[in-house]
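Here are the chains, one letter per residue:
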Amino acid sequence: MELAPEKSGTPNGPSSDEDRSRLGPVIFASSLGTLFEWYDFYLYGSLAVFFGGLFFPKGNETAQLLASLATFGAGFGVRPLGAVVFGHIGDLIGRKYTFLVTMATMGLSTAIIGVLPTYETAGILATLLLVLSRLLQGLALGGEYGGAATYVAEHVPDDKRGFYTSFIQTTATLGFFLSMGVIGTTRILLGEESFKQSGWRIPFLLSFVLLGVSLYIRIKMKESPLFAKLKSEGKSSVNPLKESFTNPVNLRYVLLALFGATAGQGVVWYTGQFYALTFLQSALKVPWKTAYVLVSTSLALTTPLFVLFGWLSDRIGRKKLMMTGCLLAALTYVPIYMAMRHYSNPNGLPVADPAQINSVMLVLLLSIQMVYVCMVYGPIAAFLVELFPTKIRYTSMSIPYHLGNGWFGGFLPLIATAVTASAWSKQTFGSGSMYTGLLYPIAVCVLTLIVGSLYIHETKDHKIDADLHMK
């Protein structure tokens, strides 16, 4: 016995020129707000190496880095809780109201980081306040993504859902890109010493401005038409959490989405962006400015591929692209990172020699990883939306997404760095121990490839305004 969504007879979505003309503002407003939220969330990630010396006890640089990465991971740890809380509210009250609340929470908790005392002035209190701010950020983001993806998907035609939702998918990378751009510009303009003293606060305080712009745009948005119709007919869920997780078939879909899609997608995303940036700076000793330029260049070159793969998923399917991305990542991560060492710091110098850094080859290697990111991430919003019925969609899709990205992906920099720094790694692999952190994303990619290939069916032809029914 299996549940399956109805097949699409006629495309869902805008049926008039007036409806279609509203798609642009809907996608723009949803994407811009989500971009600003990702910017807020990833500011800390972009400064994770730098923050080790600001908010944690001095003495051991490796311990500082691990503590900083653990705090970075704390925000990811609560993302599933945010998905539960805000997903429930979104399915109960509405999409628009919910992501107004998540946006306000994210913007304020980010701006607060900009006024926190450092460890030097407040000791452990500074550390605790930083962790609390990261927890609030994670809680907010846990509700934001599912709301934005659901909101866009419920406005657009069935046969173009991958293409339109892929614009939401670009926002995470653009937010990361924006955070690095703002931080890099501030560091250059103020100088390293001034930035370390107080200049690092500026990118966080900028969140006040971004929050105002985002709220102004989003407050004008109307409720999702599918949800509004469901609610007017009295068919919305009375208890989305109960319906999502006490129904064994829906729970099965949640677990399949987690282990057969979002877990692998999460580690591919965080390996290709955050771990690559951390690896360049901490393992290969590439100066921060060079590392930022290299990663930013690869992001600028490859971000359009999110839309390309979203569009392609409307034609050949979501599953093929996501599984192929996981397979390629598992097969090539180790040689890619070995090549990154060869082209940046082959002799393991305390600081990479600029004469040895081959920027063209490093951008190429980073861009290959980003192609994998685009393959798995471009189609995933459409895939998750299509997997669950409207009345519990926000809750059901948010949980596997934030478990996959928040736990499997978000803790990747910490896990990979800890494995690399472990005595076991150094004793077992010697000079090759710097690559052992890749064992984690490779293992998760293989798990997702097996589960996804065997148990997940293609979703691109599903009609999202129909409830799941017994087949």
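Structure: see above.
Here the structure is a predicted model, which means the values were calculated and not measured.

Draft legend 1. Representation of the side chain of S344 in the model. Tracing the chain through its elements places S344 in the loop between α18 (318-342) and α19 (359-377). Here the side chain of S344 touches M340 through a polar contact of 2.7 Å, landing on its backbone oxygen. Those residues within four positions of S344 in sequence are excluded, and the remaining contacts are L284, V286, A352, D353, Q356, I357 and L362.

Draft legend 2. Spatial organisation of the packing of aromatic side chains. Tallied over the entire structure, the rule returns 24 aromatic pairs. Aromatic pair Y44 and F51: ring centres 5.1 Å apart, planes at 90°, arrangement edge-to-face. Accessibility assignment for this pair places Y44 and F51 in one class, buried. The interplanar angle of 35° and the centroid separation of 6.5 Å between the aromatic rings of F279 and Y435 together place this pair among those described as tilted. On the criterion of sequence distance, the pair formed by F279 in helix α15 (residues 248-283) and Y435 in the loop between α23 (423-429) and α24 (439-455) is long-range, its members being 156 residues apart. Comparing F279 with Y435, the two get one shared label, buried. Of note, R187 hangs over the ring of W288, and the distance from its end group to the ring centre comes to 3.7 Å.

Draft legend 3. Inspection of the nonpolar core at higher detail. The biggest cluster of nonpolar side chains holds 120 residues, and the ones touching the most others in it are W38, F51, Y145, Y337, M340 and Y377. In terms of residue count, the dominant contributor to this core is α15 (17 residues). Those residues in contact with F51 that lie beyond four places of it in its chain are Y44, F56, S68, I113, L130, W200 and F204. Membership of the second largest hydrophobic core comes to five residues, among which are V26, A29, F99 and Y151.

Rules of the game
- Residues numbered from 1 in each chain as written.
- Predicted model: local features only at pLDDT ≥ 70, side-chain atom pairs only at ≥ 80, totals over all residues.
- Heavy atoms only, no water.
- Helix = DSSP H or I, 4+ residues; strand = E, 2+ residues; numbered from the N terminus.
- Polar contact = N/O pair within 3.5 Å; in protein donor to acceptor, adjacent residues only side chain to side chain.
- Contact = heavy atoms within 4.5 Å.
- Phe/Tyr/Trp six-rings, centres within 6.5 Å; stacked < 30°, edge-to-face > 60°.
- Buried < 20%, exposed > 50% of the residue type's maximum accessible area, 1.4 Å probe, protein only.
- Lys NZ or Arg CZ within 6 Å of the ring centre and 35° of its normal.
- Core = buried A, V, L, I, M, F, W, Y, C linked by side-chain atoms within 4.5 Å.

Read these as geometric descriptors, not functional statements.
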